[in-house]
Amino acid sequence: MLTTAPRRDVMNRLGRAMADPTRSRILLSLLEQPGYPAALAAELDLTRTNVSNHLACLRGCGIVVAVPEGRRTRYEIVDAHLTKALSALVDTVLAVDDDRACVDEYCDVPLCCQRGAAIEVTR
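Residues numbered from 1 in each chain as written. Predicted model: local features only at pLDDT ≥ 70, side-chain atom pairs only at ≥ 80, totals over all residues. Heavy atoms only, no water.

1. Focus on helix α5 (residues 80-90)
Phase 1 of the analysis: The complete set of buried residues in α5 reads Leu82, Leu86 and Ser87. Along α5, the residues classed as buried sweep out an arc of 135 degrees about the axis, all on the same side. Those residues of α5 that are exposed and angled more than 90 degrees off the buried face are Ala80, His81 and Lys84.
Phase 2 of the analysis: The residue sitting at the N-terminus of α5 and contributing the capping side-chain oxygen is Asp79; that oxygen lies 2.7 Å from the backbone nitrogen of His81. (Buried < 20%, exposed > 50% of the residue type's maximum accessible area, 1.4 Å probe, protein only. Helix = DSSP H or I, 4+ residues; strand = E, 2+ residues; numbered from the N terminus. Arc of directions from axis to C-beta. Polar contact = N/O pair within 3.5 Å; in protein donor to acceptor, adjacent residues only side chain to side chain.)

2. So, helix α4 (residues 48-60)
Phase 1 of the analysis: In this model α4 runs 18 Å from its N-terminal to its C-terminal C-alpha over 13 residues, within 8% of the 18 Å that 1.5 Å per residue would give.
Phase 2 of the analysis: Turning to α4, its buried residues number three or more, namely Val51, His54, Leu55, Cys57 and Leu58. Seen from one end, α4 has its buried residues packed into an arc of 155 degrees, which puts them on one side. Opposite the packed face of α4, turned more than 90 degrees from it, sit the exposed residues Arg48, Thr49, Asn53 and Gly60.
Phase 3 of the analysis: Each element contacted by the buried residues of α4 is listed here: α1 (7-19), α2 (21-32), α3 (37-44), β1 (64-69) and β2 (72-77). (Expected span 1.5 Å × (residues − 1). Contact = heavy atoms within 4.5 Å.)

3. Section: the pairing of β1
Phase 1 of the analysis: Pairing of β1 with β2 involves six bridges; the strand directions are antiparallel. Bridging across to β2, Ala66 finds its partner in Tyr75.
Phase 2 of the analysis: In sequence, β1 turns back onto β2 through a hairpin of two residues, with Gly70 there showing a positive phi of about 65 degrees. (Pairing = 2+ DSSP bridges.)

The following block contains the structure:
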C-alpha cells in the first residue's frame, strides 16, 4: 500500500537513497529511462546481485517502483514530480566554502572536500 509520508521522512529517504554512490549511479540511469536489473548491471559494470540489492533499497525508500513485465521487472522513478525534482537537484551548482575544512574525514565524494572547489554538474 502506498502512503503519503511526512516531509521529514521524505528527506530522510531521499538522503539515504542518494548517500550511496552506487544507488546514485542507478538513480542517474533511471532518470534517463526505466531500466532492468541485468541491463543496469551491464551499463554500470556491477553484479546483478549488487544492483538488485540497491534497487530493493530504493524501493524500500519509496523512490522507485518495480513494474512486472512477464518474466522481467522494469524499474522506474515512482513519480514524474520526483523525476523532475531529482533532475533539478543534479543540475544544481554547488559552492564549497574554501575557508572551511571538510567535516567528514571519511568523505569519498569526488571533489567534495577540495578547498576552493566549485562544482557544476551538467548532463
